[in-house]
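Fold and geometry: a report
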Amino acid sequence: GDHRDLHKEYRRQRQMCIRDRLVIDQRSYARYDLIADAFTSVHVEGAAQSYEQLRPLLDEAYRNLGHPEGDFHQALTQAVRQIVEVPIVDGEIALVSRTVAFQFADLSLERLAPVQRQAIRMGSRNLRLVQQKLHELSSALGLEPSATVG
């Protein structure tokens, strides 16, 4: 088949129509299982020790990327906070079709930051695993994420 067939199959696997509603196919979350499982296998104490050793280099690299204040720790805190604040959505997630892409039908989900919308697309199992590990890492790294795990 040509690329159009592959695209159709990909779209079919990502969502399904139920009762004239477009929803994310929960089977599609499995594509993130390996990533979530690998992330949750990170040794917290070892990661914290490595982070502290690399922190000056991370600050320098962050400055070189155009952030003159070079506070990578603050940027990491904000990034972790965005992920731990993502709502856990169990069950169906309705979508609406737009010209090129799909959007969440629930405006409270669609208004989330892009990284948060992507996290929802991981599925509730994977998001819970990632959020739990982020809380563990945050504690070990002295970060202050504000939300609790869903």
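Note that this is a predicted model, so its numbers are computed, not measured. (Residues numbered from 1 in each chain as written. Predicted model: local features only at pLDDT ≥ 70, side-chain atom pairs only at ≥ 80, totals over all residues. Heavy atoms only, no water.)

Focus on the overall build of the protein
Quick reminder of the rule: In DSSP terms, a helix is any run of H or I states spanning at least four residues, a strand is any run of E spanning at least two, and both are numbered starting from the N terminus. Working definition: with a 1.4 Å probe on protein chains only, accessible area under 20% of the residue-type maximum means buried, over 50% means exposed, and in between means partly exposed. The Shrake-Rupley method, run with a 1.4 Å probe, gives the accessible areas here. Residue values count only the displayed protein chains as cover.
When helices and strands are counted, the protein shows seven helices and four strands. Here the protein, with 150 residues, has 33% of them falling under the buried criterion. A total of about 9500 Å² of accessible surface is found on the protein, and carbon and sulfur atoms cover 55% of it.

Concerning the confidence of the model for the protein
What counts is decided by this rule: What pLDDT conveys is the predictor's confidence in a given residue, as a value from 0 to 100.
This prediction gives the protein a mean pLDDT of 87; 83% of its residues lie at or above 70. Looking over the protein, one finds the lowest element-wise mean pLDDT in strand β1 (residues 15-18), namely 47, and the highest in helix α2 (residues 33-40), namely 97.

Brief notes about the packing of helix α3 (residues 44-64) against helix α4 (residues 72-84)
Counted only if it meets this: Axes, fitted as lines to C-alpha atoms, cover a helix only where it is in contact. Angles between the N-to-C directions of the axes lie from 0 to 180 degrees. Angles below 35 degrees are treated as roughly parallel, those above 145 as roughly antiparallel, those between 65 and 115 as roughly perpendicular, and all remaining angles as oblique. Contact criterion: two residues are considered in contact whenever any of their non-hydrogen atoms come within 4.5 Å of each other.
It is the contact of α3 with α4, at a shortest axis distance of 9 Å, that shows an interaxial angle of 95°. In this view, α3 runs roughly perpendicular relative to α4, as classed from their interaxial angle. Where α3 abuts α4, its residues Tyr51, Arg55, Leu58, Asp59 and Tyr62 lie against Phe72, His73, Ala75 and Leu76.

Looking at empty space enclosed by the protein
Inclusion rule: Every definition here rests on a 1 Å grid over the protein atoms only: cavities are sets of points where a 1.4 Å probe fits but cannot get out, pockets are open sets enclosed by protein on both sides within 12 Å along at least five of seven lines, and lining residues have some atom within 4 Å of a point. Grid points are joined across faces, edges and corners, and a volume is the space filled by probe spheres set on the points.
Tallying each qualifying case throughout the model produces one cavity of 30 Å³ or more. Roughly 40 Å³ of internal volume is contained in the largest cavity. Lining the largest cavity are Tyr29, Pro87, Val89, Ile93, Ile120, Gly123, Ser124 and Leu127.

Things to note about helix α7 (residues 124-141)
Just so we agree on the cut-off: Expected helix span is taken as 1.5 Å per residue step, with the number of steps being one fewer than the number of residues.
When the terminal C-alpha atoms of α7 are compared, their 25 Å separation across 18 residues agrees well with the 26 Å that a helix rising 1.5 Å per residue should span. Among the residues of α7, Ser124, Asn126, Leu127, Val130, Gln131, Lys133, Leu134, Leu137, Ser138 and Leu141 are the ones counted as buried. Tucked inside the fold, the buried residues of α7 contact α2, α3, α4 and α6 (114-120). Downstream of α7 by one or two residues, Gly142 has phi in the positive range, about 75°.

Regarding the packing of aromatic side chains
The line we're drawing: For this analysis, a ring pair means two rings from Phe, Tyr or Trp (six-membered ring only for Trp) whose centres lie within 6.5 Å, classed as stacked if their planes differ by under 30 degrees, edge-to-face if by over 60, and tilted for the remaining angles.
Here the structure, examined in full by the defined rule, presents two aromatic pairs. Ring geometry for Tyr51 against Phe72: centres 6.5 Å apart, planes inclined by 40°, an arrangement best described as tilted. Taken as a pair, Tyr51 in helix α3 and Phe72 in helix α4 lie far apart in primary sequence, 21 residues in all. Residue class for Tyr51 comes out buried when judged on its relative accessible area of 8%. Plain terms: the ring middles of Tyr62 and Phe72 are 5.9 Å apart, the flat faces sit at 75° to each other, and that makes the pair edge-to-face. Note that Tyr62 is positioned in helix α3 and Phe72 in helix α4, a separation of 10 residues in sequence. Looking at Tyr62, the relative accessible area reads 16%, which means it is buried. Look at Phe72 and you get partly exposed, because its relative accessible area is 22%. An aromatic cluster is present here, built from Tyr51, Tyr62 and Phe72 joined pairwise through their rings.

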